[in-house]
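Topology and contacts: notes
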Amino acid sequence: MKKLLGYILSPVFYIFFALTLVVFQPIQWVCYKCFGYKAHKWSVDALNFFLTYCQIFLGNSIQFINDQHLPDNRSVIFIANHQSMYDIPSIIWFLRRQHVKFISKIELTKGIPSISFNLKYGGGANIDRKDSKQSIGEIIKLGRRMKENNWSAMIFAEGTRAKDGQMKKFHIGGIATLLKINPDALVVPIAIENSWKIVRYGTYPLSTFERLKWTVLPAISTEGKSLEEITLEAEQAIRKKLNQELPA
């Protein structure tokens, strides 16, 4: 039934999703070029509010649970599992006070209305996966911007999407680089549930009436721990929330 309804509702979702991207492209341009970072961030927050709630056209529900007292004046390194592109708008919207920046593929900085503009000018890191030197350099620059502005970063530590919802082992790379530059940053895991189900049939039809959930978990103490231990602890916290065991 969810797949059948997807054939009917997916076009409606895509129309409103695409319309949102097109409308906010000139809004972002004006905000950034004429009024600077604060105005641009406001436009990006508004963009991601509408992208988040486009899910209502598929009958999908949004539940973002954040019972943690996150600081506004301290960088946070958020670490999450990754299930689909629909993970991202809700993180930007609901954690907007933390100024969350992303590490993205450089290919995404061209050709996508609103999204490419934000990736190019929003302060994140755009990496070339074929060029490790460039990638590390971009993440270092992001770390410095975080430190200078009390911005935060989002790390999808699996390195790719888990298309069936089953977590892959976390990689230490990006986390290690950011923590070396920002040793005082707070490390906070986020568990993402059911986002993969939206695209379980591919890009068409999208699945309908799914219960999408993001849970911000307690911060991880980094004192006296190696980078490997911090990464593993974040992975274990998320796995526990999702009832998934570590692979053998």
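Above this text sits the structure in question.
A brief report on the enclosed structure follows. (Residues numbered from 1 in each chain as written. Predicted model: local features only at pLDDT ≥ 70, side-chain atom pairs only at ≥ 80, totals over all residues. Heavy atoms only, no water.)

Most of helix 6 (residues 173-181) sits out of view: 7 of its 9 residues are buried. Of the positions making up helix 6, those classed as buried are G174, I175, A176, T177, L178, L179 and I181. Residues of helix 6 that are buried sit in contact with strand 2 (76-80), helix 5 (132-149), strand 5 (152-156), strand 6 (186-193) and helix 8 (227-242). (Buried < 20%, exposed > 50% of the residue type's maximum accessible area, 1.4 Å probe, protein only. Helix = DSSP H or I, 4+ residues; strand = E, 2+ residues; numbered from the N terminus. Contact = heavy atoms within 4.5 Å.)

Relative to strand 7 (residues 211-216), strand 1 (residues 61-66) runs parallel, the two being bridged by 6 bridges. For N66, the partnering residue across the bridge sits in strand 7 and is V216. Bridging between strand 6 and strand 7 involves 4 bridges; their strand directions are antiparallel. Note that in strand 7 the partner of I192 across the bridge is W214. (Pairing = 2+ DSSP bridges.)

A few words on a positive patch on the surface. A grouping of K105, R129, R161, K163 and K168 is seen on the molecular surface, where their side chains present a positively charged patch. The residue K168 is located in the loop between strand 5 and helix 6 in this model. (Patch = residues over 30% accessible without salt bridge, like charges linked within 9 Å, V, L, I, M, F, W, Y side chains within 5 Å. Areas by Shrake-Rupley, 256 points an atom, 1.4 Å probe, with all protein chains shown as cover. Salt bridge = Lys/Arg side-chain N within 4 Å of Asp/Glu carboxyl O. Lys, Arg positive; Asp, Glu negative; His and termini not counted. Charge placed at Lys NZ, Arg CZ, Asp CG, Glu CD.)

This part takes up the nonpolar core. F78, I91, L95, M154 and I190 are the most contacted members of the largest nonpolar core, which has 32 residues in total. Counting only elements with at least two residues in this core, the list comes to helix 1 (2-35), helix 2 (37-53), strand 2, helix 3 (88-94), strand 3 (100-105), strand 5, strand 6 and strand 7. Non-local contacts of I91, meaning those with residues more than four positions away in its chain, are made with F64, V100, F102, M154, F156, I192 and W214. (Core = buried A, V, L, I, M, F, W, Y, C linked by side-chain atoms within 4.5 Å.)

So, about a nonpolar patch on the surface. Side chains of M1, L4, Y7, I8 and Y204 sit close together on the surface and give an oily, nonpolar patch of about 590 Å² of accessible area. Relative to the helices and strands, I8 is located in helix 1.

None of the figures reported here should be taken as evidence of function without further support.
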